[in-house]
Amino acid sequence: MKKFNFNTTAKAVFSAGLMAFALSGCGSDGTDGSDGEDGVVGKPVGSVSALTSTITTASVDENQFLTVDFKLADANGVALTGLTLADIATISFGRVGSANEPGEDEIVNPSVDRQIWLSYFNKDKGDGYFTGSSYFDGSKSECEDCFVDNKDGSYSITIDKAIDTLDKYDYMADATNGVYMSIKTTNNESQTLVNNSFFYWVPATDVEVEKPLQILANSDCQTCHRADQAGELSMHGSKHNTEEACSFCHTDYNSYSKQDTDSEGNAIGEAYEYDGSIKGMVHSIHTEANFSDAGVYPQMTSNCLTCHNPNEEFNLTDSWKADVDTTACWSCHSPSPAAEAAGVPASHQQGNNCLTCHKDGERARGANEAHYALNSNFLATTLKVEFNSMTVADDESEIKVNFTVKNGEELVAINQIDPRPYQYGGFNSAIVINGVLTDDFLVNYQKVGYDTFVEEADGSITSTVSADSFDIATLIDAGSTIVLSSQLHVCSHRGVIEYCNEEDLDAGDQSAPYVTSDTYYFNLDGTVVEESPRMQHAEMADCQQCHTTEITHRYTNDIDGCASCHNGTRATSGGESSNLAFKVHSKHYVYDSSGSLFFKKTECQACHGEDGFSIQNITTESTPVAFGKDDNGLLVVSPQTAACVSCHVPPYGLSESTIQHIETNGGVVGTIDSLGVPEADYDALNVVETCSTCHNDGQILEAHSNWGGQ
C-alpha cells in the first residue's frame, strides 16, 4: 500500500471536498426527515441495588379518589423505569384531626383539642374495635389503566379505593392531608428493594406543607433498629421500614381484642383490649424487651429521652411530658405479662384518668418530673467532675490529684459524696488512675477510694495516691501520660442533692447515682494534655445511640474511661479475658425474646464509625493484649491479632488452620484451648504482624458485609 503525505493546506482542501460530496446526497427533495422518538434517559429498576421514590404531587377528585404522582431514581439520582402496579406495596392516606373525632371518651382524652392522625382507610375489627390499617396494595388491586409509567422515571397512580372512615369522621380538603407510599420490588439479582416516601399538603389550596405532628425522627428509632440489620424497622411483609410509616396505620384510636397463646397455640387467660397505637405498641414492646429474660432493649423504659430526643424543629418533641394523654400512661403502667412477671406492678388506679392527679408541680409527679427532672439518672448527667491538677512528688512516693465536683455551677461538698465501702472491696466513690504509653494503658484497674479524699478550703477535693498502696512507679518510670477519671456517687432524693446518710442510702430513701466523668490527661510534669494519646477505636456517642446512660457501671463520657479499667493488662480472677474489645464484642450478637437475631456485630461501622475498626492503625509499637492468665501471670495476644480474636473466639471463627495462618503472618495467638502466650515470653518473639497488608479497611468491610447471625 502506498502512503501519501499532505501538507496542512492540502488536507484542508481535501476535507472540504469530501464534505461537499457527502452533503450532496442528503435527500432528493432537499428537506430534513421527521425526528425520531427520544431515547429513554435512565435505566431499568431491576438493574439497581437501591432506589428512592419521591412523591411530587397528590390530588383528590370529586369522588374522593386519590391520585399520586411520583418519581423513581437510584442512589445517584438516575431515573428508573419499569416499575409495575404490583410493586406499589402500600398507599395509605389520612389527615390531621382532633382526638375526639373517632369517639374517645373523656377518661382517655380529656383534651378535645389534642391533634392526632386520622386514617381515611379504617378497618372494622369487630366488637367496637377499629384500626387505620386498610391500606391500598397494588399487588391485590384489580384496577385497569390506573397506573401509568411515563417511561422517564416518573409515574402516576389513581387508586381504586374509596375513603372509608367507618362513619367516624369526614374527608376534609382544608385540613393537612398526607400520603404514605411503600414500594417493594425485586431486582435482577433477586434482592428485595424497599423504599418509603411521604407527601403532606392541603388539598383545598394545593399547597405542600411540612410533616405535621412530629414527635421523633426515624433516626431516633434506627440508631438501634439499624437499616440492613436483623433488627431493623421492617414490618408487615418487610415493606414498612420507617417510624413515619407506622404512624399512618397505628393511629391513636387503634385497638382490638387480643388473645395471648402459649407456644402450642393454646389460649392463655381472657381476651383483652390491646392498644394498637404506635405509642402503645412501642411502649409495650420496649417494656417487655427490657424486663424479659431475653430482652434486647438496653435501657430503662422510664428513660423517655432514649427515644424522644429533643429536636426544636419538631412541634411535638416534648409531648411525652405534656400530661394530656392518659393512654400514653397506660401503655407503660399497664405492664405486659413479662413486666408483671418481673415484679412491675400495674397502676394503682388502672383505667382511671391518670391526669386527675399526675401533673407536673401539682399533687403528684407528672411525666416530666417522674421520668426526667426528678429522676436520679437525669441528675447524674447534670453533675460533672473536673480534674484540676496532678502533681508527682519529688521523691516519686506519691501523686496528688485535685478535682472538683459540680452540679451546674454549684459545688458538691465531700459529705454529699457516697462514703460507703464497696461490697467487693474499696469504696463506692473513687477516682481511677492509670498511664498511657503508645496505644494502651500500663497497669490493671486502680481504684483510689473515698478514704484518700480531703476537702480543701475552696471546696475542691484532693486525693493522695501513695506508692505504698498503688502501682504508680510503673507509670512514672515508663514516662507515661497520666490518665484520670472518676467513679463517684452523689447522694440525692427525688433529684435534689443532699448530705449523705448511710442508713437512708442502705434503706433506699436516698439515691446515689453515678456521676459521669470526662477522662483527663496530664504529663508527668503536671502540664495538661488536651486530647487522648490513644487511637480512638470507637466513640461513646456510638454506644449511646442505643444505651444512652444505661451501661453497666457507666461512669464515663468517653471510651478511655472504660478502657482505663478494661485495658490490655486486664484478666478476671477466674483467668478469663476482660479487655474492652472482648467484653463488648462478646455481647453484641443480640437476640430478641423470641430467639430471633436482633443486632449482629459484623456491621463494624455501627459502633466503630468510619474507620475505628481499622487494624492498619494498630502499629508494631502497640502493646499486646491480655486474653486470660494462668498461675504464672497474664497470657497475651499480639495487638492486631487481638482485634480479630476478640470476635473470632473458639470454637466459632478460629481453627487450627486459622491460627497457623495468623502465625505465618507474624501474629501471636496461642492455642485453641488457651489464647495467648506468657507475657514474660512475648518480647523475645520480636513480633512483627503483617495482617493489615491483606486485611485492609475495604477487605474487612467486604468480608463482614454478608454475615448472618448463625
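Residues numbered from 1 in each chain as written. Predicted model: local features only at pLDDT ≥ 70, side-chain atom pairs only at ≥ 80, totals over all residues. Heavy atoms only, no water.

Can you walk me through the nonpolar core in this structure?
Within the largest apolar cluster, 33 residues are counted, with the highest numbers of intra-cluster contacts made by F387, I399 and F403. Those elements giving two or more residues to this core turn out to be β16 (383-392), β17 (398-407), β19 (430-437), β23 (461-466), α9 (473-477), β24 (481-487) and β27 (520-522). No other element matches β16, which puts five residues into this core. Other than its neighbours up to four places away in sequence, F403 contacts V385, E386, F387, N388, I431, F453, S460, I461, S463 and L488. Counting residues in each nonpolar core, the second largest holds 32 residues, with V45, I55, Y120 and M181 among its members. (Core = buried A, V, L, I, M, F, W, Y, C linked by side-chain atoms within 4.5 Å. Buried < 20%, exposed > 50% of the residue type's maximum accessible area, 1.4 Å probe, protein only. Helix = DSSP H or I, 4+ residues; strand = E, 2+ residues; numbered from the N terminus. Contact = heavy atoms within 4.5 Å.)

Looking at this model, I keep getting lost on unusual backbone geometry. Mind explaining?
Of all residues except glycine, most have a negative phi; of all peptide bonds, most are trans. Positioned with a positive phi, D167 is a non-glycine residue whose angle comes to about 65°. Despite not being glycine, E396 shows a phi value in the positive range, around 60°. We classify E396 as partly exposed; its relative accessible area is 40%.

Help me understand the sheet that holds strand β31 (residues 625-630) in this model?
Sheet strands pair via backbone hydrogen bonds, and the direction of the pair is either parallel or antiparallel. Across the sheet, which stays open at both edges, the three strands sit in the order β31-β32-β33 with antiparallel pairing between neighbours. Strand pairing shows two members of the sheet lacking a second neighbour, β31 and β33 (677-678), which therefore form its edges. For β31 and strand β32 (residues 633-637), the ladder comprises four bridges, and the chain directions are antiparallel. The partner of A626 across the bridge, within β32, is V636. (Pairing = 2+ DSSP bridges.)

Mind showing me how you'd approach the environment of V432 here?
Structurally, V432 is set in strand β19. In the structure, V432 is positioned 51 residues away from V483 in sequence and 8.1 Å away in space, judged by C-alpha atoms.

Would you explain the sheet that holds strand β9 (residues 147-149) in this entry?
Across the sheet, which stays open at both edges, the four strands sit in the order β2-β3-β10-β9 with antiparallel pairing between neighbours. Looking along the sheet, the strands with just one partner apiece sit at the ends: β2 (52-60) and β9. Ignoring strand direction, the axes of neighbouring strands in this sheet form an average angle of 15°. Sheet analysis places β2 next to strand β3 (residues 66-73), joined by eight bridges and oriented antiparallel. In the strand pairing of β3, I55 is matched with F70. (Axes fitted to C-alpha atoms, helices over the stretch in contact; angles between N-to-C directions.)

Help me out: how do you make sense of the state of the cysteines in this one?
Chemically, a disulfide is nothing more than a covalent bond linking the sulfur atoms of two cysteines. For the structure on display, the rule yields three disulfides. The disulfide partner of C143 is C146, and the gap between their sulfur atoms is 1.9 Å. Residues C143 and C146 agree in their burial class; the two are buried. The disulfide bridge from C491 ends at C500, spanning 2.0 Å between sulfur atoms. Negative torsions about the S-S bond denote left-handed disulfides, and the value of about 100° found for C491 with C500 makes this one right-handed. (Disulfide = S-S within 2.5 Å.)

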